[in-house]
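Analysis of the macromolecular model
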Amino acid sequence: MNLPYAEPFRIKMVEEIYQSTREEREQWLKEANYNLFNLRSSHVYIDLLTDSGTGAMSDKQWSALMTGDESYAGSRSFEQLQKTVEKITGFKYLLPTHQGRAAENVLFSVLVKEGDVVPGNSHFDTTKGHIEIRKAHAIDCTIDEAFDINDLHPFKGNINLEKLEEVYKSHPKENIPFCLITITCNSSGGQPVSLENMKAVKALSDQYGIPVFFDSARFAENAYFIKKREAGQENRSIKDICKEIFSYGDGMTMSSKKDGLVNIGGFIALNNEEVFRKASNFTIIYEGFITYGGMAGRDMAALAVGLDEATEFAYLESRISQVEYLGNKLIEYGIPVQKPIGGHAVFIDSLNFLPNVSREEYPAQTLGLEIYKEAGIRTVEIGTLLADRDPATRENRYPKLELVRLAIPRRTYTNNHMDYIAAAIKNVYERRDEIAKGYKITWEPEILRHFTVQLEKA
Ligand code: F0G
């Protein structure tokens, strides 16, 4: 008999979580103005809001915390981190930041100006926010297959080269600061980009003299998919694949809260000395001195270990198999999900799940609220609320898909939790015909509204 796959770790510490009643949850939702971000974590049984900063650190990371060097300048922990980042990515200049969006802020302060366009594959919302706040535009060049949830394309994060070339041809070079490849592509469902596609994007961008940057929050998960799915890559180590990935870029921004396996942190890494010098100034203004940039020495020490662990195959196999396990259960129950299952999350297609709720009443948000009411599971809307309003017309921007994301924290929940989640969603699916009304907005901010928007029943 073949041995089943099992986790390459055992659990050393546990945290109690509270299982609430349906009545309690109905009340808490009302108090939260039907925004799951407003719930207290103690009111959540299984928290799938995000995989960002919510994972469990290893004993080696906890030990590294104790060795952290808290010197303001020239910290030993910075050196450890710099060496690890260079070993994994090949980039020699490192600027730590307090998290991924801070890395975007620093880098874009150097590179993005009013009137610019930044092509890429479904930019993440903070990334888009940092582009739009500078009165520039993010142009989505993701392949069309990404928006058909049943298309089994193995690399649905890929960039369509024709769409990209169209951007390069229709805008002056000085208005295209860089092309941004997000690995894995969070907004299209945690979907990977192939090495072949990255190589082709780099070649095309070189031809037009445009730099390529990676938004690398989940780069190790992307490397795992390359090893598993791309012809000729199956015998390579994850670290070897990572080196090749980053060889197709001029630099990267990183949210260490994902594939850094830490609870807070981020960085910029690159090779261009001039950009590094300019970005150093913005790091000092916004984040802190260039050898800590908003991170404690101990956090940099834990991150150096985390990056090493996250780029090991056994860890990634366990991580991504768990996400797939949940996805396959949902598929077995007939629930419409983005396929193939992504690296960090399962994405449910709410337009298919709740056809009776109109788009004006936010079907993905409605489904997320129903799942919470059913079983105390917190998810996140990746739909019209997240897509925000058009900055010019102030109209709702309806994205191609209205998704509910079940993001799985790393090394945190067991497969029993996955079974519980799947059963809860099956129960909601069985009563889907009764759900006809959604929600309406009672208050919202100017941008990034999904974090703080307030709603009531429509
Ligand atoms: N880029 C991607 C692809 C992301 O998914 C995120 C964060 C960021 C950048 C920003 O990083 O949070 O450290 O400032 N994604 C989280 C999520 C919030 O839930 O997907 P950050």
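Our subject is the structure listed above.
Residues numbered from 1 in each chain as written. Predicted model: local features only at pLDDT ≥ 70, side-chain atom pairs only at ≥ 80, totals over all residues. Heavy atoms only, no water.

Let's talk about the packing of helix α1 (residues 22-31) against helix α14 (residues 363-375)
- As a packed pair, α1 and α14 sit with axes 7 Å apart at the nearest point and diverge in direction by 145°. In this structure, α1 uses Arg22, Arg25, Glu26, Trp28 and Leu29 to contact α14, whose residues at the interface are Leu369, Tyr372, Lys373, Glu374 and Ala375. (Axes fitted to C-alpha atoms, helices over the stretch in contact; angles between N-to-C directions. Helix = DSSP H or I, 4+ residues; strand = E, 2+ residues; numbered from the N terminus. Contact = heavy atoms within 4.5 Å.)

A few points about the environment of Asp308
- Turning to its location among the elements, Asp308 is positioned in helix α11 (residues 297-310).
- A relative accessible area of 27% places Asp308 in the partly exposed class.
- Residues contacting Asp308, with those up to four places away along its chain left out, are Lys87, Ile88 and Lys239. (Buried < 20%, exposed > 50% of the residue type's maximum accessible area, 1.4 Å probe, protein only.)

A short note on unusual backbone geometry
- The omega torsion across Ile183 and Thr184 is -20°, close enough to zero to call that bond cis.
- Mapped onto the fold, Thr184 is located in the loop between β5 (179-182) and α7 (195-208).
- Even without being glycine, Tyr34 reaches a positive phi, approximately 55°.
- Here Tyr34 lies in the loop between α1 and β1 (46-47).

Quick word on the pairing of strand β12 (residues 403-407)
- Burial runs high along β12: five of the five residues are buried.
- Alternating residues of β12 divide into Leu403, Arg405 and Ala407 and Val404 and Leu406, and every residue in both groups is buried.
- Here five bridges tie strand β9 (residues 345-349) to β12, and the two strands are oriented antiparallel to one another. Bridged to Phe347 within β12 is Arg405.
- With three bridges connecting them, strand β11 (residues 380-382) and β12 associate as antiparallel partners. Bridged to Ile382 within β12 is Leu403. (Pairing = 2+ DSSP bridges.)

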